[in-house]
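Working through the structure, step by step
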Amino acid sequence: MFYLGLFFVANLLFCLAYVVRDMAWLRAITILAASLTLPYFFAQSEPLYSAMGWQVAFIIINSINLTVLLLERRPVQLTEAEQQLHISTFRTLTPREMLHVLKPAQWSEAQSGDTLIEHGVRLGQLMLIHQGRAEVRKHGIFRANVGPGDFIGEMSFATGNPTSADVVTTEPVQYLIWQREDLERLYRKHPNLKNAMQNILGIDMAQKLSRHGDPILET
């Protein structure tokens, strides 16, 4: 009777598992429910080893997936630079998603007066200014300032068309560079990040237009 009670509770837990929405809870409850069926199967006049084997397999599979879920949900520790980037540019992403995006990026530095982007070039990379400022110049004429949190070269990167202006630093600049192939590899591994990054680039361009009101400023 005791083992029959355990089996009844196990089935109630299976029903509960299919009601909860959180995947971690679903897997945890399923593991508990499957574990409670083992004594029942073993207590039969002829132990149901086949059924026990399947339940053990389900327990192992769900335990592995639950471990992966819990590891992915661990609190993320961001460096000071990463915190600044999250606030200025990647606030629509979770910290963990942002770290996935930053992983293939290369950090680089430029001195005052350096040219980050030349007019008329097709870019195979996307750049984001982290610190410092630069000017957007079209045919040598100043058109706008760009600074921390601003992408540069995003229009040429997205469309494949030549850049429409030069971007020249006016002070030392620290910036990030993503190569196209690295981003494409990231999107294949994390498909949800492609739309997220497109939204971020859209927000960046909208902010530039609101500041300057001139679509030519998009490099």
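Above: the structure in question.
The rules behind these values
Residues numbered from 1 in each chain as written. Predicted model: local features only at pLDDT ≥ 70, side-chain atom pairs only at ≥ 80, totals over all residues. Heavy atoms only, no water. Helix = DSSP H or I, 4+ residues; strand = E, 2+ residues; numbered from the N terminus. Expected span 1.5 Å × (residues − 1). Buried < 20%, exposed > 50% of the residue type's maximum accessible area, 1.4 Å probe, protein only. Contact = heavy atoms within 4.5 Å. Patch = residues over 30% accessible without salt bridge, like charges linked within 9 Å, V, L, I, M, F, W, Y side chains within 5 Å. Areas by Shrake-Rupley, 256 points an atom, 1.4 Å probe, with all protein chains shown as cover. Salt bridge = Lys/Arg side-chain N within 4 Å of Asp/Glu carboxyl O. Pairing = 2+ DSSP bridges. Axes fitted to C-alpha atoms, helices over the stretch in contact; angles between N-to-C directions.

**Focus on helix H3 (residues 49-72)**
- The terminal C-alpha atoms of H3, which comprises 24 residues, lie 35 Å apart, in line with the 34 Å expected from a rise of 1.5 Å per residue.
- The complete set of buried residues in H3 reads Met52, Gln55, Ile59, Asn62, Leu66 and Leu69.
- For H3, the secondary structure elements touched by its buried residues are helix H1 (2-17) and helix H2 (23-42).

**Side note on a nonpolar patch on the surface**
- A surface patch of nonpolar side chains, amounting to about 330 Å² of accessible area, comprises Val56, Ile60, Ile64 and Val68.
- Turning to its location among the elements, Val56 is positioned in helix H3.
- Looking at Val56, the relative accessible area reads 37%, which means it is partly exposed.

**Some thoughts on the sheet that holds strand S7 (residues 166-169)**
- The strand order across the open sheet formed by four strands is S2-S7-S4-S5, and the pairing between neighbours is antiparallel. The open sheet terminates on both sides in strands that have one partner only, identified here as strand S2 (115-117) and strand S5 (141-146). Here the strands of the sheet are splayed against their neighbours by 35 degrees on average, with no regard to which way each runs.
- Bridge count for S2 against S7 is two bridges, and the pairing is antiparallel. Opposite Ile117, over in S7, you have Val167 as the bridge partner.

**Regarding the environment of Phe58**
- Here Phe58 lies in helix H3.
- For Phe58 and Ala34, which are 24 residues apart along the polypeptide, the C-alpha to C-alpha distance reads 7.5 Å.

**Some remarks on the pairing of strand S8 (residues 173-179)**
- In terms of burial, S8 is largely enclosed, as five of its seven residues are buried.
- Relative to S8, strand S1 (residues 106-110) runs antiparallel, the two sharing five bridges. Paired with Gln106 across the bridge in S8 is Ile177.
- Sheet topology places strand S3 (residues 125-131) next to S8; six bridges connect them, and they run antiparallel. Counted as the bridge partner of Leu128 is Leu176 from S8.

**What about the pattern of salt bridges?**
- Tallied over the entire structure, the rule returns five salt bridges.
- The closest approach of N and O atoms between Asp22 and Arg73, which form a salt bridge, is 3.1 Å. Taken together, the residues span a long stretch of sequence, with Asp22 in the loop between H1 and H2 and Arg73 in the loop between H3 and helix H4 (80-88) at a distance of 51 residues.
- By relative accessible area, which is 46% here, Arg73 ends up partly exposed.
- Note that Asp182 and Arg185 form a salt bridge whose closest N and O atoms lie 2.8 Å from each other. Of this pair, Asp182 and Arg185 both sit in helix H7 (residues 180-189), three residues apart, which is roughly one turn of that helix.
- What makes Asp182 buried here is its relative accessible area of 18%.
- Here Arg185 falls in the partly exposed class, since its relative accessible area comes to 46%.
- Linked through salt bridges whose partners overlap, the residues forming this network are Glu154, Asp204 and Lys208.

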